[in-house]
Amino acid sequence: MNAIGWQIGAVLFGASFFIVAIYLAKILNTANKSVEKVNKLIEQNDRHITEIIDNAASITKSVKDIIEIVDKFTSIFKVFKFFRK
């Protein structure tokens, strides 16, 4: 009777391992398809991505200039508030 319980346990363990292996294969297949789609999108938009990366420095410089201008305006308004009091 003891050997039958052990055999049933081994069969259940093997079946569960088989089911987990199937789900793992499905997950890996889905991940592979997702990576292929991402690679395809990158290949299609390579020129645009390169332009964005190349223009990042000028974009940050423009933002820096805008922030400096806004800081000047806020300092001027603070001076006017001080004199108004």
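Note: the structure precedes this text.
If you're wondering where the values come from, they're calculated on a predicted model, not measured in any experiment.

Topic: the overall build of the protein chain
Looking only at helices and strands, the protein chain features two helices and zero strands. Within the span of the protein chain, comprising 85 residues, buried residues form 0% of the whole. Carbon and sulfur atoms make up 70% of the accessible area of the protein chain, which amounts to about 8,300 Å² in all.

Concerning the pattern of salt bridges
Per the counting criterion, the structure on display carries two salt bridges. The closest approach of N and O atoms between Glu51 and Arg47, which form a salt bridge, is 3.4 Å. You can see Glu51 and its partner Arg47 sitting in helix α2 (residues 46–84), four residues apart, about one turn around the helix. By relative accessible area, which is 37% here, Glu51 ends up partly exposed. For Arg47, a relative accessible area of 54% corresponds to the exposed category. Between Lys61 and Asp65 there is a salt bridge, and its shortest N-O distance comes to 3.3 Å. Highlighted residues: Lys61 and Asp65, both in helix α2, separated by four residues, approximately one helical turn. Accessibility expressed as a relative area gives 32% for Asp65, which makes it partly exposed.

Thoughts on a nonpolar patch on the surface
A contiguous nonpolar surface patch, about 430 Å² in accessible area, is contributed by Phe18, Ile19, Ile22 and Tyr23. Mapped onto the fold, Ile19 is located in helix α1 (residues 2–44).

Thresholds, definitions, all that
- Residues numbered from 1 in each chain as written.
- Predicted model: local features only at pLDDT ≥ 70, side-chain atom pairs only at ≥ 80, totals over all residues.
- Heavy atoms only, no water.
- Helix = DSSP H or I, 4+ residues; strand = E, 2+ residues; numbered from the N terminus.
- Buried < 20%, exposed > 50% of the residue type's maximum accessible area, 1.4 Å probe, protein only.
- Areas by Shrake-Rupley, 256 points an atom, 1.4 Å probe, with all protein chains shown as cover.
- Salt bridge = Lys/Arg side-chain N within 4 Å of Asp/Glu carboxyl O.
- Patch = residues over 30% accessible without salt bridge, like charges linked within 9 Å, V, L, I, M, F, W, Y side chains within 5 Å.

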